[in-house]
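Each chain, written out:
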Amino acid sequence: MFQSLSEKFERLFAGVRSRGKLSEDDVRETAKEVRRALLEADVNFRVVKDFVARIEARLIGEEVHKSFTPEQQIVRVVNDELTTLLGGSVAPFHLKRPTSVVMVVGLQGSGKTTFCAKLAAMLRKRGRKPLLVGLDVYRPAAMEQLDILGRQINIPVARAQAGETDVLALWHRAQEIGVQKLCDTLILDTAGRLHVDGEMMAEIERLRVAADPEETLLVLDSMTGQEAVNVATAFQERVKVSGIVLTKLDGDARGGAALSVRAVTGTPIKFAGTGEKLSDLEPFYPERMAGRILGMGDVMSLIEKTQQSLDLTEAAELERKVRAQSFDMQDFLGEIRRIRKMGSLEDMVKMIPGASRMMPKDASIDPKQMGRVEAIICSMTPEERARPHLLDGSRRKRIARGSGTSVQDVNQLLRQFEEMKKMMKMMGKMQKQKKGRRLGF
């Protein structure tokens, strides 16, 4: 998401890079380009008007540091204002009651049911014991989907039986199931419609009074643009929404919903869905999102993703092997699998500051290539993985057949592996030299 908007900002910044200082005319021209970029991204026009006015006032005023280059001045101010527009700081999501209720609302197709499962998985990691409660009595497919997702993450599901249509009765039965299973968090997947209607809102209002949720989260499809803002406004008028969830942020949306909904409704964005996996859910960090939009990266999210997939014992053993130059194909296979668990390589690269500028516009990282490498290594015997020099011509042909690749693919992997080992050897020598200098050798 935001790729088109990021590219527009990058061109805008590049346009002032060579200037000695910003004149008032430069500031007004920059403000005009920012306005155009945001409107093309489907940001609410009132939000754009206020945003651009603040940027213009700050760039013309004395607030800008004299030591900054024109590009740095604009990036700093736009980043600050984008962060404010998105909420300023991360909105808290702390469940404090002995038995907490989280009510999830939204339109059909927004990703509401999948979000419920993602939230349950996240809360379990935080030490909670959730129960998924299916309350969409009008759409049997939603109940089936919740059942399937619950089994995938091994979390219990309370759902309507055949012919059951009384939502409040189902809620009371779910409470009993929660007590029986010792659950401390009930996540309510409410019914959605194709559009906001009075009947749906009335049912949600009755359920909210009965359940008294600690959090009421509105799920919005970020790819619907300004329509998402209209939906949020309608829900906020009838239901006391405590937070917004933006789904499909990994899609090809222009970004208008994310940049408008907080300013228009006053409701904080609490979570962002960043992919299809049930682990692809993040707390919404305004400052980090602003950095991504401006191509400044998101180092903190990258570090957190790495930490989640990294076992400290395994990391220490890997470091020992690299230093001892005993890194083999089995270790290489383990690293490939760890990287694949972390998610999209392209998304991770975008979190590195400046990486978007260094990569070609249409560059992509083919995940299938890593799959082929994994297949080749898995077709080797344990002895061959430990001692790749044993791989003569006949063994390479066998490995190629077993992995569904060609002998050329096997040869290329072996060459790359040898190059990697040479690099590790050189890095090991450099580390020893640095250590020697510190010790005075």
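In this report, we go over the structure that sits alongside the text.

The rules behind each value
Residues numbered from 1 in each chain as written. Predicted model: local features only at pLDDT ≥ 70, side-chain atom pairs only at ≥ 80, totals over all residues. Heavy atoms only, no water. Pairing = 2+ DSSP bridges. Helix = DSSP H or I, 4+ residues; strand = E, 2+ residues; numbered from the N terminus. Contact = heavy atoms within 4.5 Å. Axes fitted to C-alpha atoms, helices over the stretch in contact; angles between N-to-C directions. Parallel < 35°, antiparallel > 145°, perpendicular 65-115°, else oblique. Left-handed = near helix turned anticlockwise from the far one by under 90°. Nonpolar A, V, L, I, M, F, W, Y, C, P; charged D, E, K, R; others polar. Buried < 20%, exposed > 50% of the residue type's maximum accessible area, 1.4 Å probe, protein only. Polar contact = N/O pair within 3.5 Å; in protein donor to acceptor, adjacent residues only side chain to side chain. Core = buried A, V, L, I, M, F, W, Y, C linked by side-chain atoms within 4.5 Å. Phe/Tyr/Trp six-rings, centres within 6.5 Å; stacked < 30°, edge-to-face > 60°. Lys NZ or Arg CZ within 6 Å of the ring centre and 35° of its normal. Salt bridge = Lys/Arg side-chain N within 4 Å of Asp/Glu carboxyl O.

Description of the sheet that holds strand 8 (residues 281–283)
And step 1. Spatially, 8 strands are ordered 3-2-4-1-5-6-7-8 in an open sheet, and the strand pairing comes out mixed. Of all strands in the sheet, those bounded by a partner on one side alone are strand 3 (157–158) and strand 8.
And step 2. This element, helix 8 (residues 198–211), spans strand 1 (100–106), strand 4 (185–189) and strand 5 (215–221) of the sheet and lies at about 170° to strand 1.

A look at unusual backbone geometry
And step 1. At aspartate 42, a position not held by glycine, the phi torsion is positive, near 70°.
And step 2. Secondary-structure assignment places aspartate 42 in the loop between helix 2 (24–40) and helix 3 (45–60).
And step 3. Phi at aspartate 212 takes a positive value of approximately 45°, unusual for a residue other than glycine.
And step 4. By the element assignment, aspartate 212 lies in the loop between helix 8 and strand 5.

Quick notes on the packing of helix 4 (residues 70–85) against helix 11 (residues 286–293)
And step 1. One can describe the packing of helix 4 onto helix 11 by two numbers: an axis separation of 8 Å at closest approach and a directional angle of 135°. Comparing their axes, helix 11 and helix 4 come out oblique. Crossing geometry of helix 4 relative to helix 11 is assigned as right-handed. Within the contact between the two elements, helix 4 uses Asn79, Leu82 and Thr83 and helix 11 uses Pro286, Glu287, Ala290, Gly291 and Ile293.
And step 2. Class assignment for the residues of the contact of helix 4 with helix 11 results in 4 nonpolar, 3 polar and 1 charged.

Some points on the side chain of aspartate 147
And step 1. Among the structural elements, aspartate 147 can be located in helix 6 (residues 140–153).
And step 2. Residue classification places aspartate 147 among the buried positions, given a relative accessible area of 17%.
And step 3. Among the polar contacts made by the side chain of aspartate 147, one reaches the side chain of arginine 159 at a distance of 2.7 Å.

Notes on the packing of helix 9 (residues 226–238) against helix 10 (residues 256–265)
And step 1. With their axes 8 Å apart at the nearest point, helix 9 and helix 10 run at an angle of 30° to one another. As judged from the angle between their axes, helix 9 and helix 10 are roughly parallel. Our pair here, helix 9 against helix 10, has a crossing hand that is right-handed. On the side of helix 9, the interface is formed by Gln226, Ala228, Val229, Ala232, Thr233 and Gln236, while helix 10 contributes Gly256, Ala257, Ser260, Val261, Val264 and Thr265.
And step 2. Within the contact of helix 9 with helix 10, the residues separate by chemical class into 6 nonpolar, 6 polar and no charged.

Focus on the pairing of strand 6 (residues 243–247)
And step 1. Buried residues dominate strand 6, accounting for 5 of its 5 residues.
And step 2. With burial as the criterion, each face of strand 6 is covered, one bearing Gly243, Val245 and Thr247 and the other bearing Ile244 and Leu246.
And step 3. By the bridge criterion, 5 bridges tie strand 5 to strand 6 in an arrangement that is parallel. Bridge pairing in strand 6 places leucine 220 opposite leucine 246.
And step 4. In the sheet, strand 6 pairs with strand 7 (residues 269–273) via 3 bridges, with the strands oriented parallel. In the sheet register, isoleucine 244 faces strand 7, and the bridge partner there is isoleucine 269.

With respect to the pairing of strand 4
And step 1. Burial analysis of strand 4 places 5 of its 5 residues in the buried class, the great majority of the element.
And step 2. Here strand 4 shows a buried face lined by Thr185, Ile187 and Asp189 and a second buried face lined by Leu186 and Leu188.
And step 3. Both strand 1 and strand 4 contribute to a ladder of 5 bridges, which runs parallel. In the strand pairing of strand 4, serine 100 is matched with threonine 185.

Remarks on the nonpolar core
And step 1. Counting residues in hydrophobic clusters, the biggest one holds 73 residues, and the most contacted among them are Leu188 and Phe235.
And step 2. When sequence neighbours within four positions are dropped, the list of residues in contact with leucine 188 reads Val101, Val102, Met103, Val104, Cys116, Val133, Leu135, Trp171, Leu207 and Ala211.
And step 3. Ranked by size, the runner-up nonpolar core spans 24 residues in total, among them Met122, Ile153, Ile187 and Leu278.

Structural notes on the packing of aromatic side chains
And step 1. Under the defined criterion, the tally for this structure stands at 2 aromatic pairs.
And step 2. Taking the centre distance of 6.0 Å and the plane angle of 50° together, the rings of phenylalanine 115 and phenylalanine 271 count as tilted. With phenylalanine 115 in helix 5 (residues 112–125) and phenylalanine 271 in strand 7, this pair connects stretches of sequence that are 156 residues apart.
And step 3. The exposure class of phenylalanine 115 is buried, given its relative accessible area of 2%.
And step 4. The class for phenylalanine 271 is buried, based on a relative accessible area of 1%.
And step 5. By the ring-pair criterion, three or more aromatic residues cluster together here, those being Phe93, Phe115 and Phe271.
And step 6. Over the face of the ring belonging to tyrosine 285 we find arginine 288, whose NZ or CZ atom lies 3.7 Å from the ring centre.

Focus on the pattern of salt bridges
And step 1. Following the criterion strictly, the structure yields 19 salt bridges and no others.
And step 2. When the shortest N-O distance is used, the salt bridge between glutamate 33 and arginine 36 registers 2.7 Å. Here arginine 36 and glutamate 33 lie together in helix 2, a separation of 3 residues that amounts to about one turn.
And step 3. What makes glutamate 33 partly exposed here is its relative accessible area of 31%.

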